[in-house]
Structures are given as structure tokens and as C-alpha cells.
Amino acid sequence: MSTTTTDATAADELDAQQQFDALIDADQRIEPRDWMPDAYRRTLIRQISQHAHSEIIGMQPEANWITRAPSLKRKAILMAKVQDEAGHGLYLYSAAQTLGITRDEMTEQLIAGRARYSSIFNYLTPTWADMGAIGWLVDGAAICNQVPLCRASYGPYGRAMVRICKEESFHQRQGFEILLELAQGTPAQKRMAQDAVNRWYWPSIMMFGPPDDDSPNSAQSMAWKIKRFSNDELRSRFVGMLVPQFEALGLECPDKDLRFDEESGRWITGPIDWDEFQAVLDGRGPMNSQRLRHRREAHESGAWVREAAAEYARKQQEKARFAA
Ligand SMILES: [Fe+2]
Ligand SMILES: [Fe+2]
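What you see is a predicted model; the values in this text were computed from it and never measured.

### Observations concerning the environment of Ala63
Next, step 1: Looking at the element boundaries, Ala63 is found in helix 3 (residues 59-63).
Next, step 2: C-alpha of Ala63 to C-alpha of Val243: the two residues are 180 residues apart in sequence and 29 Å apart in space.

See below:
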């Protein structure tokens, strides 16, 4: 009897796996109630929650400049941009929740230092020009990474990305425009713009992750159609997009070895310092501990808001029960 049940379960699972494979093959979307392999679910939870954490931690380096923005207009734009990032974090946490993890679990993983977020946000923002460099380079790299994710096989993730990408392109333009104004300003302003670009250029190149031959999880993510292009392919597209923009800005590209390879049709960068990338990833970047400490403190000091909201919801429910 039990053997029959096991056989039936195994047959059901085989059937579910075939349906899943057929959906992926046909470029259809996997939705929260569909069966999916455990590894697919785990990969998505990890990727989407890391992405959400990056949006939330990424608010800090720019929030650092809100009170010191050089004009009211710049302050309003920067505030809007930082608020957008908070919204991106929320869409993404919601998308991850559809896979069976709670928001509390994700927050706990982040503030306990057990979750990863993009290591780019562990760098310093010492000047106003860093706001330009972050918008242009960091949001620019994010767009190259994220536009293909709009077609990710998991429905809630792909749909969240559509909205996020629209806002990211505004972010990139505002960064470019900050740099353009500085680059066309006094010699000191132009130097400030160049210095900030020099600081952010290589970390933004590293945002695409390790080279293809050193990226063990990429092949499976591509087979599942979560990821559509390889790290090196996306990196090449990004630098290719930057080349004419460097010219328009009148700034120099810090990569003196950058070249276009006719044969592969790709831009080839100079040597990338992967030791630095690993060090920042391992928590030894200039701002890792401060970013986490700040996030933890913000979470703790927001406890009363969460408690008040929960109490308000409880009272509303009670009222509705009495009225019924
Ligand atoms: Fe964002
Ligand atoms: Fe952004």
C-alpha cells in the first residue's frame, strides 16, 4: 500500500517537473502557486532578497548627501531618488515573500549580517560628485543587469523589475546630469567629477560579478531563464554604453586598456582587481560595518512604529467584529 502511495507521489512530481520544464521552454512564467523545484525556489529567494537588501542598504550612501545637496532642486531630486530605492526594496521583499519566506526572516538575516547585498554600497561618498557617479555608474550598471530580469521566468520578480527599471533610468540620467554640470564648471569642479568617476568606475564594473569562467551558478540560472545573459556579456554592454557618454561628459575613462574586440563583438576591459572585490564582499570594505550598524539601529528605532501599526490593525479588526 505504502509503495503505491510513494509511486503515485513520485509520478506526480515527475509530472509537475515536466510541466515546469514545459513552461520554461515555452518562455511562459512560473507563478507562486505553480509547482517548482526546490533549488529554483531557493535560488530565487536568495537572489530576490539580496536584491531587496541592496536597494535598502543602497539608500545610505546617497542619504548621506540629502542635507548637503547644493540647491533645493538637487535636494528634491535626490530625495525622490532615495525614496524610489526604498520602494524598489519593498516590491522586491514582496516578490520574495511569494516564495514562502517572511519579511521578518529576511530582515533578521540582513541585520544579523547573514545575508549579502551588493558590495558597491560599502564605499565612501566623500563629495557631491559621488552622487553623480553613483547615479551614472551604479544605477547604470544596475539597469544593464536588470532590464533582462524583466523577462525572468518567475512572474512576480519579472513584473517588479519592469517598474524598477523605469525608475532606474531616471536615476541614471540624474547622475549623468550632475556630472555634466560639474564637468562643465570650474576646473576644481571638473576635477571633483573626475575623482568621483575614478573611485566608482571599477567597483561598478565589478557589479556584474566574476568572469564567466569563474561563475559556477550562472549556467543553472540561465537554464531556468532567471538570468538571460552572462556576466561578461552584460559587463561588455555596460562599458560599451559608457564610451560615448565619457566623451559627452569630457571626462576620462579610468580604464586605459579598454578596447573593442572585433572578433567577439565585445568590449574587453583592462585587468579587474578581484581581490578587492572579494575583500569588500567578505566585509572588509570601507563602510561594511557602518552600513549594517545603521540598518540595525534604524530597524530597532522603528520598532514602536511596527508595534503601533499592529495594535491599530488589531483594534480595527475588533471594531469590525463588534459591528458585525
Ligand atoms: Fe533601485
Ligand atoms: Fe536606482
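Structure's up, so let's keep going.
### What to know about the packing of helix 4 (residues 72-97) against helix 5 (residues 103-111)
Next, step 1: For the pair helix 4 and helix 5, interaxial distance at closest approach is 9 Å and the crossing angle is 115°. Between helix 4, through Leu90, Tyr93, Ala96 and Gln97, and helix 5, the contact on the second element is made entirely by Arg103, Met106 and Leu110.
Next, step 2: The residue makeup of the contact of helix 4 with helix 5, split by class, is 5 nonpolar, 1 polar and 1 charged.

### Considerations on the coordination of the iron ion (ligand 2)
Next, step 1: Around the iron ion (ligand 2), the protein contributes the donor atoms Glu85 (OE), Asp139 (OD), Glu168 (OE) and His171 (ND1), which lie 1.9 to 2.2 Å from the metal centre.
Next, step 2: Around the iron ion (ligand 2) sit 4 donor atoms; with metal-centred angles ranging over 88 to 160°, the donor geometry is irregular.
Next, step 3: Along the chain, the residues donating to the iron ion (ligand 2) fall in the pattern E-x53-D-x28-E-x2-H.
Next, step 4: The two metals, the iron ion (ligand 2) and the iron ion (ligand 1), are separated by 3.4 Å and share Glu85 as a common coordinating residue. Taken together, the residues span a long stretch of sequence, with Asp139 in helix 6 (residues 129-146) and Glu168 in helix 7 (residues 155-183) at a distance of 29 residues.

### Examining the packing of aromatic side chains
Next, step 1: One pass over the full model with this rule turns up 12 aromatic pairs.
Next, step 2: Between Tyr123 and Trp200, the ring centres sit 6.1 Å apart and the planes meet at 65°, which makes this aromatic pair edge-to-face. Linking Tyr123 in the loop between helix 5 and helix 6 with Trp200 in helix 8 (residues 187-206), this pair joins segments that are 77 residues apart in sequence.
Next, step 3: The exposure class of Tyr123 is buried, given its relative accessible area of 14%.
Next, step 4: Ring centres of Tyr201 and Trp202 lie 5.3 Å apart, and the angle between their planes is 85°; on these two criteria the pair is classed as edge-to-face.
Next, step 5: Classification of Tyr201 as buried rests on a relative accessible area of 1%.
Next, step 6: Taken together, the ring pairs in this structure connect Trp136, Phe176, Tyr201, Trp202 and Phe246 into an aromatic cluster.
Next, step 7: The ring of Phe229 has Arg237 sitting right over it, with the charged end atom 4.0 Å from the ring centre.

Conventions used here
- Residues numbered from 1 in each chain as written.
- Chains lettered and ligands numbered in written order.
- Predicted model: local features only at pLDDT ≥ 70, side-chain atom pairs only at ≥ 80, totals over all residues.
- Heavy atoms only, no water.
- Helix = DSSP H or I, 4+ residues; strand = E, 2+ residues; numbered from the N terminus.
- Axes fitted to C-alpha atoms, helices over the stretch in contact; angles between N-to-C directions.
- Contact = heavy atoms within 4.5 Å.
- Nonpolar A, V, L, I, M, F, W, Y, C, P; charged D, E, K, R; others polar.
- Donors = N, O, S within 2.8 Å, 3.2 Å for Na, K, Ca; no water.
- Tetrahedral: all angles 85-135°; square planar, octahedral: opposite > 155°, others 65-115°.
- Phe/Tyr/Trp six-rings, centres within 6.5 Å; stacked < 30°, edge-to-face > 60°.
- Buried < 20%, exposed > 50% of the residue type's maximum accessible area, 1.4 Å probe, protein only.
- Lys NZ or Arg CZ within 6 Å of the ring centre and 35° of its normal.

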